[in-house]
Amino acid sequence: MASLSGLRLIMEDIATTVGSATGKKWTNLGIGNPAAIPEVQDTWRRMTTRALNSSFSEVSCGYGSSRGLPDLIDAIAEYFNGRYGWDVTPRNIVVGPGSQMLCFAAAALFTGPGADRDTRLVLPMTPDYTGYQGLSLVPGGVGGIAPVVQPVGERSFRYLFDEPALDELTDVGLLLLSSPSNPAGRSVSPDETELLLAAAGRHDVPLVIDNAYGAPFPAIGGLASAPVRDERAVNVFSISKAGLPGERLGFAVADERLTEPIVSFMANSTLHAPQLVQSALAHALRTDALDTLVASVITPFYAERRKYAETLLAETLPEDIAWRLYASDGGMFCWVWVDEEWFDDLRLYETLKGRGVFVVPGRYFFVDTPDGGGRERHSRQCFRVSITAERDAIAAGVEVISAVLRDMRAESGQPTR
């Protein structure tokens, strides 16, 4: 916790490079910030203004409940009970300053040194959100399972869960994944959710499902499955990708035996999440403003931008290089695999940086496993491209990526196919 993770070093490098170079134009396709969509910003400005005018003195000028603002807790219960037919009460809900903080709380509570044995946070499939790798205060406290890589057609691929590896775990205290995932945009199907819940049951541990890109909001990806209510599932939601990443607000819905420790953790660590934005979210849920925003603006925007970026990559990347694009179900990124011996993700990053373009090297989304599953080379052959940049920036960046790939191949001495 006292040092930056691999990807945070890259983000710091991007910020420092862009900030220190004057007069040079940069194309940043590594950004994780949601797109600046005017209609989204206008909606949240309106919701926040209403909260400011109606409840500023009580929510911003006084302490509140560590579980969350009562008005928001009630609105969340009403929303999920009405939308999905759940039976949640305020005891099943806890609000935190961002979904990542809620995941950290779960990792601190359910993994680590124990009386009987030490346990780890396990990502049941990597690659997954790199921020999860910093959730443990114990060295080696986070592990991951390498995926089964499945080529699809000539230019696509998918990841599958390694079911035997899931069953062979001996020190798991908590399973955690994002859906759709960052970076690949892979959504967990209902059958796979049942598989993971069954594995959690066999290990007698919770399963945290981070819905930061999924249903019901921001629903970036039409195939995002509805969240599943289960005694072992901790469903985590966020408004970051729905347009308010800077406000750091998320919430979890789970059985009371799982939420109560997290409420205590919030009380002991941060007291409670910021309350003005909680009031704004409560209003957005109750008036259907958030659902309307998602359906009419956010989901269509990212669907169009993804189609544009994927078409651009297919038309621009060299035909005589063995590259594949992940068959994504959603999320804000394109995930590219270059299946060539000469390719290295960090070398690509540094070369592109020299030409004014940033992407994110893929290795930081994988967690080392004891034997690597024989798939460790794959983690050095991927990179992430953001689709939230402006269309012209994506087009310019993809042209440079294509040129760099050709140059890397030429420097390797491998003949053109």
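The paragraphs below set out a description of the structure included in this document. Note that the structure is a prediction, hence the values are computed from the model and not measured.

1. Structural notes on the overall build of the protein chain
At step 1: Scanning the protein chain from terminus to terminus reveals eleven helices and 15 strands.
At step 2: By the compact-globule yardstick of 22 Å for 417 residues, the protein chain fits well, its C-alpha radius of gyration being 21 Å.
At step 3: Seen along its three principal axes, the alpha-carbon backbone of the protein chain occupies a region of about 65 × 50 × 40 Å.
At step 4: In the protein chain, which comprises 417 residues, the proportion classed as buried is 55%.
At step 5: Within the protein chain, contacts between residues at least 6 apart in sequence are counted, and of these 77% link residues at least 24 apart.
At step 6: As presented, the protein chain carries roughly 17300 Å² of accessible surface, and 51% of it is formed by carbon and sulfur atoms.
At step 7: Of the side chains in the protein chain, 37 bear a positive and 51 a negative charge, and the two mean positions are spaced by 4 Å.

2. Observations concerning unusual backbone geometry
At step 1: For the bond running from Ser179 to Pro180, omega is -10°, close enough to zero to count as cis.
At step 2: Of note, Pro180 is situated in the loop between strand S7 (172-178) and helix H6 (190-203).
At step 3: In this model, Phe217 is joined to Pro218 through a cis peptide bond whose omega is 15°.
At step 4: Mapped onto the secondary structure, Pro218 falls in the loop between strand S8 (207-210) and strand S9 (233-238).
At step 5: A positive phi angle is found at Ala219, which is not glycine, with a value near 55°.
At step 6: Considering the arrangement of structural elements, one finds Ala219 in the loop between S8 and S9.
At step 7: Looking at Ala219, the relative accessible area reads 15%, which means it is buried.

3. Observations regarding the sheet that holds strand S4 (residues 142-144)
At step 1: Within the open sheet, the seven strands sit side by side as S2-S10-S9-S8-S7-S3-S4. Their pairing is mixed. Two strands in the sheet have a free side with no partner beyond their single neighbour: strand S2 (93-96) and S4. For this sheet the average axis-to-axis angle between neighbouring strands, irrespective of direction, equals 25°.
At step 2: As defined by bridge partners, S9 adjoins strand S10 (residues 250-253) across four bridges and the pair is classed as antiparallel. For Phe237, the partnering residue across the bridge sits in S10 and is Phe251.

4. Side note on the pairing of S8
At step 1: Burial along S8 is two-sided: the residues Leu207 and Ile209 and Val208 and Asp210 are all buried.
At step 2: Relative to S8, S7 runs parallel, the two being bridged by four bridges. Looking at the pairing, Leu177 lines up with Ile209 of S8.
At step 3: Traced from S7 through H6 to S8, the parallel crossover comes out right-handed.
At step 4: Summarising the sheet, S8 and S9 pair through four bridges and their orientation is parallel. When the bridges of S9 are listed, Val208 appears paired with Val234.

5. Considering the side chain of Arg363
At step 1: Here Arg363 lies in the loop between strand S14 (360-361) and strand S15 (382-386).
At step 2: A residue is classified by how much of its surface remains accessible, and Arg363, at 17% relative accessible area, is buried.
At step 3: Look past the residues within four positions of Arg363 in its chain and what remains in contact with it is Asp344, Asp345, Leu346, Ser379 and Arg380.

Conventions used here
- Residues numbered from 1 in each chain as written.
- Predicted model: local features only at pLDDT ≥ 70, side-chain atom pairs only at ≥ 80, totals over all residues.
- Heavy atoms only, no water.
- Helix = DSSP H or I, 4+ residues; strand = E, 2+ residues; numbered from the N terminus.
- Rg over C-alpha atoms; globule rule 2.2 N^0.38 Å.
- Buried < 20%, exposed > 50% of the residue type's maximum accessible area, 1.4 Å probe, protein only.
- Contact = heavy atoms within 4.5 Å.
- Areas by Shrake-Rupley, 256 points an atom, 1.4 Å probe, with all protein chains shown as cover.
- Lys, Arg positive; Asp, Glu negative; His and termini not counted.
- Charge placed at Lys NZ, Arg CZ, Asp CG, Glu CD.
- Pairing = 2+ DSSP bridges.
- Axes fitted to C-alpha atoms, helices over the stretch in contact; angles between N-to-C directions.
- Right-handed = clockwise from strand over helix to strand, strands pointing away.

The values reported here are purely geometric and, on their own, carry no functional implication.
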